[in-house]
Amino acid sequence: MVFSFDHIVLNVVEIDKMLQFYNEILQLPGDRLEEFAAGQVPFPSVRLSADSIIDLFPKKMWERTSPERVCRLNLNHFCLATDEASSKALQIRLNEQGIDIEEGPVKRWGAHGSGTSIYFRDPEGNTIEVRYYSDEEKALPCLLDS
């Protein structure tokens, strides 16, 4: 099975400060900034490379997914990308080992546009997302076309 790093998700309290830091200090270009500002998408991202992004989840997103947590954990989850056949084989192995798929398969946004994801936890409770993109779903942002 071959994986590549697709994205990580950070839980953010002050979205504007975080965007400024990642855009200006680290000089990472933003993805979906206009759509986020217009309320069309629930979170913005910054691009590490053609294949990897950092999603910035505003407080309203992670508060509702983790209400039992007293303190905020910065890392929400990480995502590995693979192909469809490998994802389906992984789902079978997870099932055989009694590891619950907590969500999915479900369509979600990632480094290459919309993909199909499953979510499960490692033995220490970290959430892992594994996704694949079909050719129809894969849509790189314009900045990568040049």
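Residue numbers here run from 1 along each chain, matching the order of that chain's written sequence. Local features in this predicted model are restricted to residues of pLDDT 70 or higher, and side-chain atom pairs are both shown and tallied only at a pLDDT of 80 or more, whereas totals for entire chains, interfaces and linings draw on every residue. Hydrogens and waters are ignored; side-chain quantities use all the structure's heavy atoms.

Asks: Can you walk me through the pairing of strand β7 (residues 113-121) in this structure?
Replies: Looking down a regular strand, the side chains alternate between one sheet face and the other. The buried count for β7 comes to seven of nine residues, which makes it a mostly enclosed element. Inspection of the sheet shows strand β6 (residues 103-110) paired to β7 by six bridges, in the antiparallel sense. When the bridges of β7 are listed, Arg108 appears paired with Gly115. Any two strands with at least two DSSP bridges between them are considered paired. Going along the chain from the N terminus, every DSSP run of H or I of four or more residues is numbered as a helix, and every run of E of two or more is numbered as a strand. Counting the residues that bridge the hairpin from β6 to β7 gives two residues. Residue exposure (1.4 Å probe, protein chains only): buried if accessible area is under 20% of the type maximum, exposed if over 50%, otherwise partly exposed.

Asks: I keep staring at helix α4 (residues 84-96) and nothing clicks. Help me out?
Replies: Note on helix geometry: an α-helix contains 3.6 residues per turn, so any two residues three or four positions apart are oriented the same way. Working rule for helices: expected span equals 1.5 Å times residues minus one. The first and last C-alpha atoms of α4 sit 19 Å apart over 13 residues, in line with the 18 Å expected at 1.5 Å per residue. Every buried residue of α4 is listed here: Ser86, Ser87, Leu90, Gln91 and Leu94. Within α4, the buried residues cover an arc of 145 degrees as seen down the axis, which keeps them to one side. Projecting away from the buried face of α4 at angles above 90 degrees are the exposed residues Ala85, Ile92, Asn95 and Glu96. Here, residues are in contact when the closest pair of their heavy atoms is within 4.5 Å. Close packing links the buried residues of α4 with β5 (75-82), β6, β7 and β8 (127-132). Polar contact is defined as a pair of N or O atoms within 3.5 Å, subject to the rule that within protein one atom must be able to donate a hydrogen and the other to accept it, and that residues adjacent in sequence are counted only when both atoms are side-chain atoms. Of the residues that open α4, the one with a side-chain oxygen 3.2 Å from the backbone nitrogen of Ala85 is Asp83. Remark: Gly98 follows α4 within two positions and exhibits a positive phi of approximately 75 degrees. In this description, one arc is meant: the one made by directions from the helix axis to the C-beta atoms.

Asks: What should I look at first to understand the pattern of salt bridges in this one?
Replies: Between side chains of opposite charge, a pair can form when the charged atoms approach closely. Any Lys or Arg side-chain nitrogen found within 4 Å of a carboxyl oxygen on Asp or Glu counts as a salt bridge. Under the counting rule described, the total for this entry stands at six salt bridges. Between Glu14 and Lys17 there is a salt bridge; the shortest N-O distance is 3.3 Å. A relative accessible area of 44% means that Glu14 is categorised as partly exposed. Relative accessible area serves as the criterion here: at 54%, Lys17 is assigned to the exposed category.

Asks: How should I be thinking about the sheet that holds β8 in this particular structure?
Replies: Consider a sheet: its strands pair through backbone hydrogen bonds, and that pairing is either parallel or antiparallel. A sheet is described by the order of its strands in space; here eight strands give the open sequence β2-β3-β4-β1-β5-β8-β7-β6, paired in mixed fashion. The sheet is open, and its two edges are formed by β2 (30-31) and β6, each paired on a single side. In terms of strand pairing, β2 meets strand β3 (residues 45-49) through two bridges, oriented antiparallel. The residue bridging Gly30 from the neighbouring strand is Val46, located in β3.

Asks: Whenever I open this one, a nonpolar patch on the surface confuses me. Can you help?
Replies: Patch rule: a residue counts if its relative accessible area is over 30% and it has no salt bridge; like charges are joined within 9 Å, and nonpolar side chains (Val, Leu, Ile, Met, Phe, Trp, Tyr) within 5 Å. Areas reported here follow the Shrake-Rupley algorithm with a probe of radius 1.4 Å; residue values treat only the protein chains shown as occluding. A surface patch of nonpolar side chains, amounting to about 290 Å² of accessible area, comprises Phe21, Ile25 and Leu26. Here Leu26 lies in the loop between α1 (15-25) and β2.

Asks: What should I look at first to understand unusual backbone geometry in this one?
Replies: The general pattern is negative phi for most residues beyond glycine and trans for most peptide bonds. Residues Gly104 and Pro105 are joined by a peptide bond in cis, for which omega reads 0 degrees. Within the element layout of this structure, Pro105 appears in strand β6. At Arg32, a position not held by glycine, the phi torsion is positive, near 60 degrees. Secondary-structure assignment places Arg32 in the loop between β2 and α2 (33-37).

The quantities given are spatial measurements derived from coordinates; they are silent on function.
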